[in-house]
Amino acid sequence: MSTDTPSLIKLEGVTKVFLTDEVETHALSGIHLDIRKGEYVSIAGPSGCGKSTLLSILGLLDTPTEGTYVLNGRPVQGLTLPERARIRNREIGFIFQSFNLIGDLTVYENVELPLTYRGMPNSERKQRVTEALEKVGMGHRAKHLPSQLSGGQQQRVAVARALAGSPAVLLADEPTGNLDSKNGDAVMELLHSLHRAGSTIVMVTHDTRFARHAERTIHVFDGRVVDEQVEAGSAH
Amino acid sequence: MSPDLRFACRQLQKSPAFTLIAVATLAVGIGSATVVFSAVNALLFKPLPLLDYSADRLLYVAQTDPRRGDDDLGWSYPDYVGLRQRLTTLDGLWIHSDRTVILGHRLEPERRVGTDITWDAFSLMGVLPLYGRPFHASDARAGAPDVALISHELWQQRFGGDPAVINTSVPLSGRPVTLIGVMPPGWRYPEQTDVWTPLRADHEKLNARGYYAFSGRGRLRPGVTLAAAQAEADGIAAAFAREFPETNQGVGIKLRPIREETARNTTELMLLLFGAVVFVFLIACLNVANLLLAQVATRTKEVAIRLALGADRGRIVRQLITESLVLSLLGGLGGFILALWGNDALRALIPVELPFWLRFDFDARVFAFVLGLVVLAALAVGLFPALRASRPDVVTELKEGGRSAGAAGPRALRLRNALVVVEIALALVLLVGAGLMMRSFLALRRVDPGFDPRGVLTFRTGFPATMLAGQPDLPRRFFADLVPKLAGLPGVESVGLVSLLPGLAEGANALELEDRPAPARTLDLPQAHHRLATAGYFHAVRIPLLAGRLFDDATDRPGTPFAAVVDEAFARRHFGDPAAALGRRFRPHGDKDFALGWIQIVGVVGSIRHRLDRAELAPTFYLSLNQAPGQFLSVVMRTHTDPAGFTQAAREAVLAVNRQIPIYHALTLEAVVLRTIWPSRFFGYLFTFFGLAALFLACIGIYGVMAYNVTQRSQELGVRLALGAQSAEIIRLVLNRGVRLVGWGLGIGLLSALALANLLAGLLYGVSPHDPPTFAAVPLLLAAVALLACWLPGRRATRVNPLEAMRLG
Ligand SMILES: Nc1ncnc2c1ncn2[C@@H]1O[C@H](COP(=O)(O)OP(=O)(O)OP(=O)(O)O)[C@@H](O)[C@H]1O
Ligand SMILES: [Mg+2]
């Protein structure tokens, strides 16, 4: 693990408390995390331990109750909603377990979506979308609707959507959770190749097989980081 | 209770908000339609009370002058007698003439409507007295003792329902008259009569051919068609024309079903209004159908599972229809209650006394109507959703797990959108109608009537001819004493007398102008309204003097040549301008009422509109009450404070001058004016009310659809938010759909309104049916309100929590 590359994500003392019906759920308790550019980190842990909550905070979909979050050298906890939306749009690419493609839009339009929010000119959008779809091997399906694709294909489109905006980091929450093992393997292979090409990836997964793809696995238990292990074979 | 019904009730209990909104919406729709239907029913369908045969056999029979476009001259007595002798297709023909009667009898004098009527009219109609006897032929002979029938209402109110009053003598208009019977309750023929007297051979108006003083009715012989009767009447009219060319040349006879005649001014409006509430009802149904579609959409998965398990489709349709039937039954109940209340409100809007046959109370027909609406609503509301829900795409529904976001059944979506478009279009049409009617009413109110009705109290009083026996000068002396008495009341500015108040268009006369050739036919003579007035009248109602002078009692004395004040319209029509009219002479043609001779014009005053809903200014001339005294007159009093507060003082002043004379029709002049244009206000209010109801329902509809849309799309919206969409973009996205629906609705509505507005053309005053302000303002208003209804769910959409929204997916 090289220590000279700059820190992309820096969490310090991040806590997340959910208050429901007078019951406090401490989903995260004092998380410290440092992720550098180009890393491939996987987050593992039992169900309910706080993995998705952590990822949501990383993706600026949620705010920590306490602690600081510095993304790309910029503290982000005090930002307004529109600013957070802007950062989500430019710096972060999401890949969800249930794909979350928009059914009324074609594959092409789905991938194009984050770029239109950026106000990117049409020609550039076109180039980026085509590239992203080529990268995931879905270029020939640009005009299809999501309902006309298999689960694995839909997830590849979702990856393309995450990629298209060249975000600083790709966040994936159990991207293979809804896929059979063959399709799951294909998606994992895709993420792996993206990593090799330089992308920073943070992925939540249950599957130890896939966790091994990552250079570093963070083990979370009951809202705390309990262990970090570095895959020998994946080091730079 | 059938299992379907039980399950339906449970379903409706499960979502009380939906049930409440649906029932309330249907109640508004059904209630509105029922209120208007009860009016249509009263006007067009309800039989006359107390008749045991179809009202279709009752005919309105009138002499007509087609060449002048006058289809109701009334009847002259000799023509009526001739017709009755010759006509075979009718088994009854009778005429009547209303007059004011004054009841004495112990209490304060009281004015009622009396009717002189052919002695056998009630027998021909088949309505007999409840107590006492009907008229006999002998009652109608010249010189027969005076007898009268009275209404049950008068009997109760005035005589305490005492049977002993029958066959006693009561002072009626100053003459003892024997009450021979009491008519059944509710019988006030022809409209609001309380005292009937037989038309006697010595009646003052009987022998003038060409003098149309009576109103005629008849009854078709069973089995005879209206056309056959009309053909016979045409032949008889032609015979009259040959026998009495001077009076009857070109005069026809027209038979009409009595309903057609009595309702003719309002039928068109009533049907329009009925069309309007049918719209409201439709909108309500569409709304509930939409709500139900949304509700059912949440159940498609359940239905799909059932169908997959082999459930029978008919059974599922039945279940859903039962639910909508329960909804519409509840809506019908609510609507009925609303209608009872609306019916009272409707009557409160009518400032005049209604004829006895116009009864708005609910009969079996109204109940049947409500039930019909309930069934219609159940089908309209339930059928779409039921058919939709019972045929889900089983494969898609069950594949849910792997389904992507936002795929919310494109067919159902299109249907719901179409319903909203139609709702908006309907609301627009209604609101345009309402806007036009209200603009017309306001235009009528803005019209300068030519006089100033504010601050004036009016009432009517006077002497029936029978009270003048032996003292023809009585009215003159009475009014001469009364006017100074009233003028002396503190707070009274000026007092005047007039034979007919502004607002009444009656009393037209044919005229001959001096030095002008007379036309061949009486009916081609110039016409003018005539009024008898004092100079004080012009002061009190502020009609300006334009040339010459007003009446002057010292100059315009009885026995000297008659002086006339004419109005500007009269002067301009015949003499070019006001000043040119001074000194010219004219005389009423026929001149049967008063032997006037040539009348010289001494003054010209401003014209007034006798009817504010008419554009034309009818030429009018005034004679001095000092020269041509009137028996019944309207008193006008301009007061410094609220004129209505002077009624009691006026009554006391009248009684102080003559204890036998009541005052009646005590109203402010403004109220009198309003009475002449009340239908315009009445229908304007109704259209506005129903337009607003439609607007409200349409907004609920749009809101419901858009809110449902947002719920359906929350996952998609969550994804967009996660991908960095800003709030404004989300609102725009939601609004976009709404705007498209509203746009379509407005477009279709505008085109329909442009086409339908022509139906209103005849009812509008001072406003074009394609009035640009209305056509601009209404869509703007509707668009604003509709967009607000879209914006609220859009606003809510930006608060979607992307995390939760996506988890739901
Ligand atoms: N919006 C919320 N309100 C209340 N509690 C929540 C909320 N979101 C998560 N939690 C709670 O926080 C804890 C962590 O949840 P989280 O979804 O992060 O777990 P996870 O590690 O992703 O589990 P899994 O592997 O099953 O997806 C759980 O106890 C969960 O019940
Ligand atoms: Mg999770």
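Bear in mind that the values here come from a model prediction, so they are computed numbers and not experimental data.

**Observations concerning the overall build of chain A**
So, point 1. Counting secondary structure elements, chain A contains 7 helices and 10 strands.
So, point 2. Against the 2.2 N^0.38 benchmark of 18 Å for 236 residues, chain A shows a C-alpha radius of gyration of 17 Å, consistent with a compact globule.
So, point 3. Principal-axis analysis of the C-alpha atoms gives chain A an extent of 45 × 45 × 40 Å.
So, point 4. Relative to all contacts within chain A whose residues are 6 or more apart in sequence, the contacts with residues 24 or more apart total 67%.
So, point 5. Here chain A contributes 25 positively and 28 negatively charged side chains, and the mean placements of these two sets differ by 7 Å.

**Some details on the overall build of chain B**
So, point 1. Along chain B, the regular secondary structure elements total 24 helices and 22 strands.
So, point 2. Seen through its C-alpha atoms, chain B measures out along the principal axes to roughly 110 × 60 × 55 Å.
So, point 3. Restricting to contacts in chain B with at least 6 residues of sequence separation, those with at least 24 account for 81%.
So, point 4. Summed over its atoms, the accessible surface of chain B is roughly 33900 Å², and 59% of this surface lies on carbon and sulfur atoms.
So, point 5. Within chain B, one finds 82 positive and 67 negative side-chain charges whose respective centroids are separated by 9 Å.

**Focus: the interface of chain B and chain A**
So, point 1. Each partner contributes to the interface: chain B provides 19 residues, whereas chain A provides 24 residues.
So, point 2. Of the roughly 1900 Å² buried at the junction of chain B and chain A (both faces included), carbon and sulfur atoms supply 53%.
So, point 3. Seen at the junction of chain B and chain A, the total is 0 salt bridges.
So, point 4. At the boundary of chain B and chain A, one finds 5 residue pairs in polar contact (both at pLDDT 80 or more).
So, point 5. When contributions to the side of chain B that touches chain A are tallied by element, the ones reaching two or more residues are α21 (714–722), α22 (727–756) and α24 (802–808) of chain B.

**Quick word on the domain arrangement of chain B**
Residue and element names in this part refer to chain B.
So, point 1. One can read the domain layout of chain B as domain 1 (98–207) and domain 2 (456–676).
So, point 2. In this structure, domain 1 and domain 2 have C-alpha centres spaced 31 Å apart.
So, point 3. Taken together, the contact pairs 10 residues of domain 1 with 13 residues of domain 2.
So, point 4. Summed over both partners, the interface of domain 1 with domain 2 buries about 920 Å², with 70% contributed by carbon and sulfur atoms.
So, point 5. Together, Ile 102, Pro 109 and Arg 111 form the three largest contributors to the area buried by domain 1 at its contact with domain 2, with a combined 50%.
So, point 6. On the surface where domain 1 and domain 2 come into contact, there are 3 residue pairs in polar contact (both at pLDDT 80 or more).

**As for the nonpolar core**
Among soluble globular proteins, nonpolar side chains are generally buried collectively.
Residues and elements named next belong to chain B.
So, point 1. Among the nonpolar cores identified, the biggest contains 161 residues, and Phe 122, Trp 187, Tyr 537, Phe 538, Ile 543, Tyr 622 and Ile 702 are the most heavily contacted of them.
So, point 2. The element that contributes the greatest number of residues to this core is helix α20 (residues 669–712), accounting for 21 residues.
So, point 3. Two domains each donate at least three residues to this core, and these are domain 1 (98–207) and domain 2 (456–676).
So, point 4. Dropping the residues within four chain positions of it, Tyr 537 is found in contact with Gly 496, Leu 497, Val 498, Pro 502, Ile 543, Ile 608, Tyr 622 and Val 636.
So, point 5. With 45 residues, the next largest nonpolar core counts Val 495, Ala 581, Val 604 and Val 635 among its residues.

**Here's the deal with the site of ligand 1**
Residues and elements named next belong to chain A.
So, point 1. Near ligand 1 you find 14 residues, and of these Ser 47, Gly 48, Lys 51, Ser 52 and Thr 53 are the closest.
So, point 2. For ligand 1, an oxygen atom lies 2.7 Å from a polar atom in the side chain of Ser 52.
So, point 3. Thr 53 has a polar side-chain atom sitting 2.6 Å from an oxygen atom of ligand 1.
So, point 4. Relative to its free-state accessible area of 630 Å², ligand 1 is covered by the protein chains to the extent of 69%.

**Description of unusual backbone geometry**
So, point 1. Cis geometry is found at the peptide bond from Tyr 189 of chain B to Pro 190 of chain B, where omega equals 0°.
So, point 2. The backbone phi angle of Asn 72 of chain A is positive, close to 55°, even though this residue is not glycine.
So, point 3. Positionally, Asn 72 of chain A belongs in the loop between β4 (66–71) and β5 (74–75).
So, point 4. With phi around 70°, Asn 167 of chain B is a residue other than glycine that occupies positive phi space.
So, point 5. For Asn 167 of chain B, a relative accessible area of 57% corresponds to the exposed category.

**Examining the environment of Phe 362 of chain B**
Residues and elements named next belong to chain B.
So, point 1. Residue position: Phe 362 is located in the loop between α11 (313–348) and α12 (364–389).
So, point 2. The class of Phe 362 is buried, set by a relative accessible area of 16%.
So, point 3. Remark: the alpha-carbon pair of Phe 362 and Asn 509, spanning 147 residues in sequence, is separated by 44 Å.
So, point 4. Contact partners of Phe 362, with chain neighbours within four places excluded, come to Thr 34, Ser 38, Phe 336, Ala 339, Leu 340, Asn 343 and Phe 367.

**A short note on the pairing of strand β2 (residues 23–36) of chain A**
All names here are of chain A.
So, point 1. When strand β1 (residues 7–20) meets β2, the two strands line up antiparallel, connected through 10 bridges. Paired with Phe 18 across the two strands is Thr 25, which belongs to β2.
So, point 2. In this antiparallel pair of consecutive strands, β1 and β2, the connection spans 2 residues, and Asp 21 shows a positive phi of 45°.

**Some words on the side chain of Ser 607 of chain B**
All names here are of chain B.
So, point 1. Assignment of secondary structure puts Ser 607 in the loop between β19 (599–605) and β20 (620–624).
So, point 2. We classify Ser 607 as buried; its relative accessible area is 12%.
So, point 3. Of the polar contacts made by the side chain of Ser 607, one reaches the side chain of Asp 567; its length is 2.9 Å.
So, point 4. At 2.9 Å, the side chain of Ser 607 and the backbone nitrogen of Ala 569 are in polar contact.
So, point 5. If sequence neighbours within four positions are ignored, Ser 607 has contacts with Pro 449, Gly 450, Asp 567, Glu 568, Ala 569 and Leu 617.

**Describing the sheet that holds β1 of chain A**
All names here are of chain A.
So, point 1. As summarised here, the arrangement of the 4 strands in space is β2-β1-β4-β5, forming an open sheet in which the pairing is antiparallel. Each edge of the open sheet carries a strand with a single partner, namely β2 and β5.
So, point 2. As judged from the 2 bridges shared by β4 and β5, these two strands associate in the antiparallel manner. By the bridge assignment for β5, Leu 71 is matched with Arg 74.
So, point 3. With respect to the sheet, helix α1 (residues 51–58) is in contact with β1, β2 and β4, its orientation differing from that of β1 by roughly 125°.

**Regarding a nonpolar patch on the surface**
Residue and element names in this part refer to chain B.
So, point 1. Where nonpolar side chains cluster on the molecular surface, the patch consists of Val 375, Leu 379, Leu 383 and Leu 387 and spans about 310 Å² of accessible area.
So, point 2. Within the fold, Val 375 resides in helix α12.
So, point 3. Here Val 375 falls in the partly exposed class, since its relative accessible area comes to 46%.

**Some remarks on the sheet that holds strand β3 (residues 40–44) of chain A**
All names here are of chain A.
So, point 1. Across the sheet, which stays open at both edges, the 6 strands sit in the order β6-β7-β8-β3-β9-β10 with mixed pairing between neighbours. Of all strands in the sheet, those bounded by a partner on one side alone are β6 (92–95) and β10 (224–230). Across this sheet, the average inter-strand angle for adjacent strands is 20°, counted without regard to direction.
So, point 2. In terms of strand pairing, β3 meets strand β8 (residues 201–204) through 4 bridges, oriented parallel. Within β8, the position partnered with Val 41 by the bridge is Val 202.
So, point 3. Along the sheet, helix α6 (residues 181–196) contacts β3, β6, β7 (169–173) and β8; its crossing angle with β8, the most-contacted strand, is approximately 155°.

**Observations concerning the packing of helix α4 (residues 122–135) of chain A against helix α5 (residues 151–164) of chain A**
Residue and element names in this part refer to chain A.
So, point 1. Packing of α4 against α5 leaves a shortest axis separation of 8 Å and a crossing angle of 135°. The orientation of α4 relative to α5 falls into the category oblique. Considering the relative orientation of α4 and α5, their crossing is right-handed. Across from Arg 128, Ala 132, Leu 133 and Lys 135 in α4, the residues of α5 making contact are Ala 160, Leu 163 and Ala 164.
So, point 2. Along the lines of polarity and charge, the residues of the contact of α4 with α5 split into 5 nonpolar, no polar and 2 charged.

**A few points about the side chain of Glu 215 of chain A**
So, point 1. Here Glu 215 of chain A is to be found in the loop between α7 (208–211) and β9 (216–221).
So, point 2. No salt bridge is formed by the buried Glu 215 of chain A, whose closest oppositely charged neighbour, Arg 216 of chain A, lies at an N-O distance of 6.4 Å.

**Re the packing of helix α3 (residues 77–86) of chain B against helix α6 (residues 226–243) of chain B**
Helix packing geometry: the angle between the two helix axes and the distance between the axes.
Residue and element names in this part refer to chain B.
So, point 1. The geometry of α3 relative to α6 is characterised by a closest axis approach of 11 Å and an angle of 130° between their N-to-C directions. Considered as vectors, α3 and α6 are oriented oblique to each other. Handedness of the α3/α6 crossing: right-handed. Of the residues in α6, those touching α3 at Asp 79, Gly 82, Leu 83 and Arg 86 are Glu 232, Ile 236, Ala 239, Phe 240 and Glu 243.
So, point 2. Class assignment of the residues belonging to the contact of α3 with α6 gives a composition of 4 nonpolar, 1 polar and 4 charged.

The rules behind each value
- Residues numbered from 1 in each chain as written.
- Chains lettered and ligands numbered in written order.
- Predicted model: local features only at pLDDT ≥ 70, side-chain atom pairs only at ≥ 80, totals over all residues.
- Heavy atoms only, no water.
- Helix = DSSP H or I, 4+ residues; strand = E, 2+ residues; numbered from the N terminus.
- Rg over C-alpha atoms; globule rule 2.2 N^0.38 Å.
- Contact = heavy atoms within 4.5 Å.
- Lys, Arg positive; Asp, Glu negative; His and termini not counted.
- Charge placed at Lys NZ, Arg CZ, Asp CG, Glu CD.
- Areas by Shrake-Rupley, 256 points an atom, 1.4 Å probe, with all protein chains shown as cover.
- Buried area = accessible area lost by both parts, 1.4 Å probe.
- Salt bridge = Lys/Arg side-chain N within 4 Å of Asp/Glu carboxyl O.
- Polar contact = N/O pair within 3.5 Å; in protein donor to acceptor, adjacent residues only side chain to side chain.
- Domains from an automatic or database assignment.
- Core = buried A, V, L, I, M, F, W, Y, C linked by side-chain atoms within 4.5 Å.
- Buried < 20%, exposed > 50% of the residue type's maximum accessible area, 1.4 Å probe, protein only.
- Near = heavy atom within 4 Å.
- Pairing = 2+ DSSP bridges.
- Axes fitted to C-alpha atoms, helices over the stretch in contact; angles between N-to-C directions.
- Patch = residues over 30% accessible without salt bridge, like charges linked within 9 Å, V, L, I, M, F, W, Y side chains within 5 Å.
- Parallel < 35°, antiparallel > 145°, perpendicular 65-115°, else oblique.
- Left-handed = near helix turned anticlockwise from the far one by under 90°.
- Nonpolar A, V, L, I, M, F, W, Y, C, P; charged D, E, K, R; others polar.

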